[in-house]
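Below, each chain spelled out in residue letters.
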Amino acid sequence: MISWYTPQNVIAWTRRLLPLRAVVVIFILAALVITELRLDWVEQLVGSYMVSTNSYRPKSGAIWEQGQKTASARQTLAEYADQRQNVLREAQQAQSLGQVIANVTEGKGVMISTEHFLELYLKLPPAISHEIVSPYTLLTYVSSGQWQRTFVDRQEQQILIFMLDAQNQVIYRLTIGPVLLGHIERGEVAIRSGLEQLSDFAAHIYPAERFFEVLNGYPQELRQQIVSHPEDLLRVTGKIRRVGISSAALGDAQELGFEVEDVNGYKVLLMQGQREAVQRIQGDLDGQPRFQWPWSGGAQQ
């Protein structure tokens, strides 16, 4: 005998095993799982919640500390990059070699173009520039086409200048020592040295008394071509002992070095005169007159 509560057919059995509520629940769960797998909406909800409550949670933990270190490192790198850009910009816009050197700290050199370095080199007094490097050496590397850029670095109390090729390989290195570096940085036209220590003047050095005696025997026009501002020499503190004439001419100019003795020792005051006029007095000082001038005046022999 079949009990009255026993299902009479398949549909009844199905309804008994899978009631409507269970079907709805299973459908909802399945829908949630499928949409989560495709849309990741659970992670997004959790993330939004974490963001909204972030300010209320304590700032601690390994992840937070790592994040702080990362943020600090990024800020430091950004500041360093800005600083390096400023240093490079100032070096590239520098109007003198002293300005370039002022932007160089140990381990943090600057790169400038070959053309810019040559421009700054030619602005230096020849007595200083020739102590850094001979212009003939520079001509050798300029004409070869190898020299593409120049790197300036500081090492302890000296400046190193590296001439580089297109692959940044060093083809020549210059060193500026502390004494010469001090003159360049201060932009001085007087070098704390004797004439013998300056290679440009070593071959032509004369007693100051003899130099000014010969100079005084020339007509006013010729005297001015040799020493255009004699007042500057009268203002010198100390005694002018000797006068040197540079072996190298710079265009139409030639340099004179006046060696002065003061309480601090010797220094050389640099001046430029017109090349032909300077060579005239040099010839007279050497006893070998070199030029005939249109006036009757001349050195008093």
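What counts and what doesn't
- Residues numbered from 1 in each chain as written.
- Predicted model: local features only at pLDDT ≥ 70, side-chain atom pairs only at ≥ 80, totals over all residues.
- Heavy atoms only, no water.
- Helix = DSSP H or I, 4+ residues; strand = E, 2+ residues; numbered from the N terminus.
- Buried < 20%, exposed > 50% of the residue type's maximum accessible area, 1.4 Å probe, protein only.
- Areas by Shrake-Rupley, 256 points an atom, 1.4 Å probe, with all protein chains shown as cover.
- Phe/Tyr/Trp six-rings, centres within 6.5 Å; stacked < 30°, edge-to-face > 60°.
- Pairing = 2+ DSSP bridges.
- Patch = residues over 30% accessible without salt bridge, like charges linked within 9 Å, V, L, I, M, F, W, Y side chains within 5 Å.
- Salt bridge = Lys/Arg side-chain N within 4 Å of Asp/Glu carboxyl O.
- Axes fitted to C-alpha atoms, helices over the stretch in contact; angles between N-to-C directions.
- Core = buried A, V, L, I, M, F, W, Y, C linked by side-chain atoms within 4.5 Å.
- Contact = heavy atoms within 4.5 Å.
- Polar contact = N/O pair within 3.5 Å; in protein donor to acceptor, adjacent residues only side chain to side chain.
- Arc of directions from axis to C-beta.
- Parallel < 35°, antiparallel > 145°, perpendicular 65-115°, else oblique.
- Left-handed = near helix turned anticlockwise from the far one by under 90°.
- Nonpolar A, V, L, I, M, F, W, Y, C, P; charged D, E, K, R; others polar.

Trainee: Explain the overall build of the protein chain here, please?
Mentor: On a plain count of helices and strands, the protein chain comes out with 13 helices and nine strands. Out of the 301 residues in the protein chain, the part that is buried amounts to 35%. If you sum the accessible surface of the protein chain, you get close to 19,400 Å²; carbon and sulfur atoms cover 55% of it.

Trainee: Would you take a moment to explain the packing of aromatic side chains for this structure?
Mentor: We describe a pair of aromatic rings using the distance from one ring centre to the other and the angle between the two ring planes. Taken as a whole, this structure holds seven aromatic pairs when the rule is applied. With 5.3 Å between their ring centres and 40° between their planes, Tyr 141 and Tyr 172 make a pair best called tilted. Separated by 31 residues along the polypeptide, Tyr 141 in helix α8 (residues 135-144) and Tyr 172 in strand β4 (residues 170-176) bring together distant segments of the chain. Relative accessible area serves as the criterion here: at 18%, Tyr 141 is assigned to the buried category.

Trainee: What should I look at first to understand the pairing of strand β8 (residues 253-262) in this one?
Mentor: Along any regular strand, the residues point their side chains to alternate faces of the sheet. Taking burial as the measure, the ten residues of β8 include nine buried ones, the bulk of the element. Bridge count for β8 against strand β9 (residues 265-274) is ten bridges, and the pairing is antiparallel. Across the sheet, Glu 255 pairs through a bridge with Gln 272, a residue of β9. Here β8 folds back onto β9, and the loop between the two strands holds two residues.

Trainee: What's the story with a nonpolar patch on the surface in this structure? I'm lost.
Mentor: A cluster of nonpolar side chains, Val 24, Val 25, Phe 27, Ile 28, Leu 29 and Leu 32, forms an exposed patch at the surface whose accessible area comes to about 550 Å². Considering the arrangement of structural elements, one finds Leu 29 in helix α2 (residues 20-39).

Trainee: Even after reading the chapter, I still don't get the sheet that holds β4, so can you show me in this structure?
Mentor: Strand pairing in a sheet takes place through backbone hydrogen bonds and is either antiparallel or parallel in direction. Pairing is antiparallel across the open sheet formed by four strands, whose spatial order is β1-β2-β3-β4. Whereas interior strands pair on both sides, the edge strands pair on one side only; in this sheet they are β1 (110-113) and β4. For this sheet the average axis-to-axis angle between neighbouring strands, irrespective of direction, equals 25°. Relative to strand β3 (residues 158-164), strand β2 (residues 149-155) is paired through seven bridges, and the arrangement is antiparallel. Bridging from a neighbouring strand, Asp 153 pairs with Leu 160 of β3.

Trainee: What am I meant to see in the nonpolar core here?
Mentor: With 33 residues, the main nonpolar core has Leu 97, Phe 117, Ile 132, Ile 176 and Ile 184 as its most contacted residues. Setting aside anything within four residues of it in sequence, one finds Phe 117 in contact with Leu 97, Ile 112, Leu 138, Trp 147, Thr 150, Ile 161 and Leu 174. With 23 residues, the next largest nonpolar core counts Leu 215, Val 243, Ala 277 and Val 278 among its residues.

Trainee: Can you walk me through helix α13 (residues 275-285) in this structure?
Mentor: Because an α-helix packs 3.6 residues into every turn, residues spaced three or four apart end up facing the same way. The buried count for α13 comes to nine of eleven residues, which makes it a mostly enclosed element. Restricting attention to buried positions, one finds in α13 the residues Ala 277, Val 278, Gln 279, Arg 280, Ile 281, Gln 282, Gly 283, Asp 284 and Leu 285. Where α13 terminates, the next one or two residues include Gly 287, which has phi positive at roughly 80°.

Trainee: Please explain the side chain of Thr 150 as it appears in this structure.
Mentor: One can find Thr 150 in strand β2. Within the structure, the side chain of Thr 150 is placed 3.1 Å from the side chain of Trp 147, a separation counted as a polar contact. Those residues in contact with Thr 150, other than ones at most four positions away along the chain, are Val 110, Met 111, Ile 112, Ser 113, Thr 114, Phe 117, Ile 161 and Phe 162.

Trainee: Just to check I follow, could you spell out unusual backbone geometry for this structure?
Mentor: Peptide bonds are mostly trans, and most non-glycine residues show a negative phi. Not every positive phi belongs to a glycine, and Glu 156 is a case in point at roughly 55°. Within the fold, Glu 156 resides in the loop between β2 and β3. Phi at Asn 168 is positive, roughly 60°, even though this residue is not glycine. Mapped onto the elements of the fold, Asn 168 is located in the loop between β3 and β4.

Trainee: Sorry, what's going on with helix α10 (residues 208-216) here?
Mentor: Among all positions in α10, only Ala 208, Phe 211, Val 214 and Leu 215 are buried. Take α10 and look down its axis: the buried residues cluster within an arc of 135°, on one side only. Turned more than 90 degrees from where α10 packs its buried face, Glu 209 and Asn 216 sit exposed.

Trainee: Would you explain the packing of helix α6 (residues 114-123) against α8 in this entry?
Mentor: A packed helix pair is summarised by two numbers, namely the angle formed by the two axes and the spacing between the axes. Between α6 and α8, whose axes approach to 13 Å, the crossing angle comes to 165°. Our classification of the angle between α6 and α8 gives roughly antiparallel. Between α6 and α8 lies a crossing whose hand is left-handed. Residues Phe 117, Leu 118 and Tyr 121 of α6 lie in contact with α8, whose contacting residues are Pro 135, Leu 138 and Val 142. In terms of residue class, the contact of α6 with α8 is built from six nonpolar, no polar and no charged.

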